[in-house]
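# Results of the structural survey
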Amino acid sequence: MPRRITFEQADAMLRSRDALVATGITDRQLRALVASETLIRVHRGFYVDGDSWRELWAEGRHLLRVISHARSSPGESPAFMQMSAGVLWGLPLYRVPDGVVHALIQGSRHTRTVAGIARHDIDVADNDIVERHGLRCTSLARTVFDMVRTMSPEAAISAADAALRMTAVSGQAQDAVAADQWRDDVLRLASPGLRGVRKVRWAVGFADGRAQLPGESVSRLQLSRLGFRDIDLQVHVVGSEGDNYFMDFGFPRSRMFGEFDGEGKYLEPELRTTPTPADAVLAEKRREDDVRGITGWGVRRWGGLHIRSAAALGARLTAFGIHPPG
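In this text the structure is predicted, and so the values were computed from the model without any measurement.

### Focus: the nonpolar core
Core analysis: the largest hydrophobic core is formed by 73 residues, its most contacted members being Leu 64, Phe 80, Trp 182 and Phe 251. Sorting elements by how many residues they give to this core places helix α8 (residues 153-168) first, with 9 residues. Those residues in contact with Phe 251 that sit more than four places away from it in its chain are Leu 223, Phe 228, Ile 231, Met 256, Phe 257, Gly 258, Trp 297, Trp 302 and Ile 322.

Laid out in structure tokens, this is it:
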């Protein structure tokens, strides 16, 4: 199961060539370690342990590339943008492969990619360049704007939901005023004629910060494609002993709750609230039994394979007796 890392963890994982040579490793040995993938060359002069690299999600790998590029840049760090700013903000890269690092550069007539770095000559307002973890990058609103324009709808809505969650959600409640302000901040960048502006307007309007994971965001997108309009999100249920439960989706017509059952909620320590995966499974079963008993509604689950397309999720729901309206 891939794991997530923080900026601080990523920074600590990187090892410079100078540091490796100082331990007694020769250039010839270093080349052999890279050839065997014992070490992964992340960027010129920077490496990471191969086993650690292979454990990471795309977000973590890309974060390592961003940090290593910043470390190797002479003078002031470049301003990162698109997915590279996204990982500094902690936004997900749903099914987006780890790719080149994106940075702003002035004085070039067009975007150019050199040594794994795409340098974009784009006009960005001064107040849309901020500092994140000590590195310069585009603001959250500008980052979402650029990511949404250049990514698939699934990746776009995952990033938009996560940004809105950071901005306007406390617990499971979304502040309507803060959400509207976030939408205004992103849409002010949507000048007519820019590529992808229609997608930005769609994503900003469709975004809902109550989605806790990309799988929930994509589930909501596929449900919309299937024609569902009457689903509720993060439905509050008070358990038999006063516990507060929040169910991912509610289907009132079918008297069913839907839960996106990603592996992370059981396997990743950062996402589960129990000491072990086995404890998480038992806790989830008790929660589901309690919800059924209190509400009389059924609970149905789906996973990552079922949200690869609207058809796949539709087949799963039909098997459960949950049918789109109409």
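There's more to say after this.
### Focus on helix α6 (residues 82-89)
With 8 of 8 residues buried, α6 lies mostly within the body of the structure. Every buried residue belonging to α6 is among Gln 82, Met 83, Ser 84, Ala 85, Gly 86, Val 87, Leu 88 and Trp 89, and all of these are buried.

### Description of the pairing of strand β2 (residues 39-43)
The buried fraction of β2 is high, at 4 of 5 residues. Bridge count for β2 against strand β3 (residues 46-49) is 4 bridges, and the pairing is antiparallel. Looking at the pairing, Arg 41 lines up with Tyr 47 of β3.

### Observations concerning the sheet that holds strand β14 (residues 298-302)
Judged by pairing direction, the sheet is mixed, and its 4 strands sit side by side in the order β11-β12-β13-β14 without closing on themselves. Strands with a single pairing partner mark the edges of an open sheet, and in this sheet they are β11 (232-238) and β14. If you compare each strand with its neighbour and ignore which way they point, the axes differ by 50° on average. Running at roughly 25° to strand β12 (residues 244-251), helix α11 (residues 214-225) makes contact with β11, β12, β13 (256-260) and β14 of the sheet. Set on the sheet, helix α14 (residues 310-320) makes contact with β13 and β14; between it and β14 the angle comes to about 155°.

### Thoughts on the sheet that holds β3
In a beta sheet, neighbouring strands pair by backbone hydrogen bonds and run either parallel or antiparallel. Strand order in the open sheet made by the 3 strands is β1-β3-β2, with antiparallel pairing throughout. The open sheet is flanked by β1 (15-16) and β2, the only strands paired with a single partner. Sheet topology places β1 next to β3; 2 bridges connect them, and they run antiparallel. Bridging across to β3, Arg 15 finds its partner in Tyr 47. On top of the sheet, helix α3 (residues 27-35) reaches β2 and β3; it is set at about 95° to β2, its chief contact. Its contacts with the sheet place helix α5 (residues 58-72) against β2 and β3, and it is angled at close to 60° to β2.

Quick notes on the rules
Residues numbered from 1 in each chain as written. Predicted model: local features only at pLDDT ≥ 70, side-chain atom pairs only at ≥ 80, totals over all residues. Heavy atoms only, no water. Core = buried A, V, L, I, M, F, W, Y, C linked by side-chain atoms within 4.5 Å. Buried < 20%, exposed > 50% of the residue type's maximum accessible area, 1.4 Å probe, protein only. Helix = DSSP H or I, 4+ residues; strand = E, 2+ residues; numbered from the N terminus. Contact = heavy atoms within 4.5 Å. Pairing = 2+ DSSP bridges. Axes fitted to C-alpha atoms, helices over the stretch in contact; angles between N-to-C directions.

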